[in-house]
Amino acid sequence: MAKQNNQDMFDDSDPFLDEILKAKPTRQSQYFQPGHYLVQILNFKRAETRKRRPFIALETVVLDSDVEALPTGSEASWLQMTDMDTSAGNIKNFLTRALNIPSESVTKEVVVRALAQNAETGRSFLAGLKLEIHAKNITTKDGNPFTTLSFIAVPADKQATAQRFSDLK
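The sections below set out a description of the structure shown in this document. These numbers were taken from a predicted model, which means no experiment stands behind them.

### What about helix H3 (residues 108–115)?
Then, in step 1: All buried positions along H3 are accounted for by Val110, Ala114 and Leu115. Around the axis of H3, the buried residues are gathered within 120° of arc, so they sit on the same side. Across H3 from its buried face, at more than 90 degrees, point the exposed residues Lys108, Glu109 and Val112.
Then, in step 2: Turning to H3, the residues buried within the fold contact strand S1 (35–48), strand S2 (54–65) and helix H2 (87–99).

### Brief notes about the pairing of S2
Then, in step 1: With respect to burial, S2 is a largely interior element, eleven of its twelve residues being buried.
Then, in step 2: As paired strands, S1 and S2 are joined by eleven bridges and run antiparallel to one another. Bridged to Val39 within S2 is Val62.
Then, in step 3: Taken together, S1 and the strand that follows it, S2, pair antiparallel across an intervening segment of five residues, in which Arg52 is found at a positive phi of about 70°.
Then, in step 4: When S2 meets strand S3 (residues 75–81), the two strands line up antiparallel, connected through seven bridges. Bridge pairing links Phe55 to Met81 in S3.

### Re the packing of aromatic side chains
Then, in step 1: In the structure shown here, the tally under the stated rule is five aromatic pairs.
Then, in step 2: Where Trp78 meets Phe94, the ring centres are 5.7 Å apart and the plane angle is 40°; that geometry is what we call tilted. Placement of the pair is Trp78 in strand S3 and Phe94 in helix H2, with a sequence separation of 16 residues. For the residue pair Trp78 and Phe94, the accessibility class agrees, reading buried in each case.
Then, in step 3: Ring geometry for Phe94 against Phe151: centres 5.0 Å apart, planes inclined by 80°, an arrangement best described as edge-to-face. In this pair, Phe94 is assigned in helix H2 and Phe151 in strand S5 (residues 145–153), connecting sequence segments 57 residues apart.
Then, in step 4: Given a relative accessible area of 0%, Phe94 falls into the buried group.
Then, in step 5: Relative accessible area serves as the criterion here: at 2%, Phe151 is assigned to the buried category.
Then, in step 6: Joined through ring pairs, the aromatic side chains of Phe44, Trp78, Phe94 and Phe151 make up one cluster.
Then, in step 7: Geometry around Phe125 places Arg113 over its ring, the cationic atom sitting 4.2 Å from the centre.

### Observations concerning the nonpolar core
Then, in step 1: With 25 residues, the main nonpolar core has Phe32, Tyr37, Phe44, Phe94, Leu95 and Phe151 as its most contacted residues.
Then, in step 2: Among the elements of the structure, S1, S2, S3, H2, H3, strand S4 (130–139) and S5 are those that each provide at least two residues to this core.
Then, in step 3: Apart from residues lying up to four places away in sequence, Tyr37 is in contact with Phe32, Val62, Asp64, Ser65, Val67, Leu70, Leu131, Glu132, Ile133, Ala135 and Phe165.
Then, in step 4: Grouped together as the second largest cluster of nonpolar side chains are six residues, Leu38, Ala162, Phe165 and Leu168 included.

Criteria and thresholds
- Residues numbered from 1 in each chain as written.
- Predicted model: local features only at pLDDT ≥ 70, side-chain atom pairs only at ≥ 80, totals over all residues.
- Heavy atoms only, no water.
- Buried < 20%, exposed > 50% of the residue type's maximum accessible area, 1.4 Å probe, protein only.
- Helix = DSSP H or I, 4+ residues; strand = E, 2+ residues; numbered from the N terminus.
- Arc of directions from axis to C-beta.
- Contact = heavy atoms within 4.5 Å.
- Pairing = 2+ DSSP bridges.
- Phe/Tyr/Trp six-rings, centres within 6.5 Å; stacked < 30°, edge-to-face > 60°.
- Lys NZ or Arg CZ within 6 Å of the ring centre and 35° of its normal.
- Core = buried A, V, L, I, M, F, W, Y, C linked by side-chain atoms within 4.5 Å.

Treat this as a map of the structure, not an account of what it does.
Below you can see the structure in the form of structure tokens.
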């Protein structure tokens, strides 16, 4: 058996232990890759990056996928930076698709309610809603790769039972 170096050992007087105990838990974001997904919304929220750049995040758990890297049970996110000229339209499109409503039905009340975090759960009222997502890669005008998402509402009568793509038929 190899002898452990004392530097590899962690003892309860290490100041980093206190940092861990005081830290707010965070999760690593994994973004959608090209493919087809059935997801359940975990949260829809407003936040900012460490550099104070504002964004809105859709956090999901994958129920079914044709992407090996994002199997059932994995989490994936969509981030929409809110300081870009396309942001408002992209967020409105998401809300119309997720809620299966016409764009004129996206009122101030709908947006505020979607982004408000429930005092008990800490999550948006969209949490629990199921969606289909089609992700595909495009090339931007600048020649950079970019993944676009198309959101498709899961019919109300299938919300409770849809766990696989086959449940949507």
